[in-house]
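A structural walkthrough
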Amino acid sequence: MAPTSPYQPSLLRLLHGAMVVLVPLAWLSGAVVYSNLDGRWLPLPVQLPGDWIEIHGSIGVLLWPLALLFALVAFSLGRHKLRQPANATALIGLGLAVGSGKLMQEDWLREGRLDHVVYHLHLLAWLLIAAALLWHVEAVLRRGGRSLAGSMFSPTLRANDHPRLWLDQLTRPFQKR
Ligand code: HEM
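Residues numbered from 1 in each chain as written. Predicted model: local features only at pLDDT ≥ 70, side-chain atom pairs only at ≥ 80, totals over all residues. Heavy atoms only, no water.

1. Thoughts on the overall build of the chain
Summing up its helical and strand segments, the chain has 6 helices and 0 strands in all. From first element to last, N terminus to C terminus, the chain shows the α and β order α-α-α-α-α-α. Referenced to the eigenvectors of the C-alpha coordinate spread, the extents of the chain come out at roughly 60 × 35 × 25 Å. Every one of the 177 residues in the chain was classed for burial, and the buried ones make up 36%. The contacts of the chain with a sequence gap of at least 6 include a subset with a gap of at least 24, amounting to 71%. (Helix = DSSP H or I, 4+ residues; strand = E, 2+ residues; numbered from the N terminus. Buried < 20%, exposed > 50% of the residue type's maximum accessible area, 1.4 Å probe, protein only. Contact = heavy atoms within 4.5 Å.)

Structure follows, in structure tokens:
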């Protein structure tokens with residue numbers, strides 16, 4: 001029998017796609033905020049004009065509810081995939097970055113108050129998520145090559161994976177048999 005190509009549930013693909021767009025945007029805009037207003041340990045060569053705290057915060061507002069939904073879907077639909085340490089680490093990195101970001105207050109950096117524990121945690125999460133995602137992509141390519149990587153971005157829809165079934169798919173692992 002020919003090996004079947006990997007398939008990812010459509011709801012997981014949709015939310016994972018949102019992460020692939022929003023996480024790098026949050027990461028890069030965060031780098032600009034750090035460079036413009038802090039830059040103590042790592043002076044970055046970018047100093048861009050504009051209210052980057054506002055831009056970074058707006059991306060965060062879009063990111064956190066979708067990240068929460070993504071985590072829910074990863075725990076229900078994709079629970080077995082989290083046995084892969086690189087997948088689990090990507091989710092932990094995302095949780096840390098989003099969680100510490102929710103605790104941040106935008107006035108801290110505007111007022112030059114750079115000594116908050118939460119801010120240091122958010123900076124650490126910013127570094128961690130970059131490392132976690134490099135490992136995640138490397139592990140996906142090592143385990144399944146382009147075929148596994150592409151499965152997360154493929155538009156194919158199986159008959160039993162219609163958006164109508166998303167709610168049922170989500171709650172199935174928690175339903176009594
Ligand atoms: C940028 C932010 C990203 C985040 C936060 C992220 C996070 C995750 C997480 C948590 C899972 C496990 C999902 C589950 O348990 O159902 C996963 C799976 C996966 N991701 Fe990502 N990912 C990101 C980027 C990428 C990129 C760029 C690729 C391209 C190679 C990719 C390819 C995959 C694949 C193929 C799987 C399924 C792996 C498997 O079946 O074990 N991810 N991702």
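2. Structural notes on the pattern of salt bridges
In the structure shown here, the tally under the stated rule is 6 salt bridges. Linking Glu 111 and Arg 113 is a salt bridge whose minimum nitrogen-to-oxygen distance equals 2.7 Å. Classification of Arg 113 as partly exposed rests on a relative accessible area of 38%. Each member of the salt-bridge network shares a partner with another, and the members are Asp 51, Glu 106 and Arg 110. (Salt bridge = Lys/Arg side-chain N within 4 Å of Asp/Glu carboxyl O.)

3. A closer look at the site of the ligand
Close to the ligand lie 22 residues, the nearest being His 16, Gly 78, Asn 87, His 136 and Arg 143. Between the ligand and the protein, one listed contact pairs an oxygen atom with a backbone N or O atom of Gly 78 at 2.8 Å. In the model, a nitrogen atom of the ligand is placed 2.8 Å from a nitrogen or oxygen of the His 136 side chain. Secondary structure elements with two or more residues in the shell around the ligand: α1 (10-37), α2 (52-76), α3 (85-103) and α5 (117-151). Top contributing element to the shell around the ligand by residue count: α5, with 7 residues. (Near = heavy atom within 4 Å. Polar contact = N/O pair within 3.5 Å; in protein donor to acceptor, adjacent residues only side chain to side chain.)

4. Quick notes on the environment of Arg 79
Inspection of the secondary structure assignment puts Arg 79 in the loop between α2 and α3. With residues near it in sequence (within four places) discarded, Arg 79 still touches Ala 74 and Pro 173.

5. Considerations on the coordination of the iron atom of the ligand
At this site the iron atom of the ligand is bound by His 16 (NE2) and His 136 (NE2), with donor distances of 2.0 Å. Here the iron atom of the ligand binds 6 donor atoms, and the angle range of 87 to 180 degrees at the metal identifies the geometry as octahedral. Of the two residues, His 16 sits in helix α1 while His 136 sits in helix α5, which places them 120 residues apart along the sequence. The buried category is assigned to His 16, whose relative accessible area is 14%. Using a relative accessible area of 16% as the deciding quantity, one classes His 136 as buried. (Donors = N, O, S within 2.8 Å, 3.2 Å for Na, K, Ca; no water. Tetrahedral: all angles 85-135°; square planar, octahedral: opposite > 155°, others 65-115°.)

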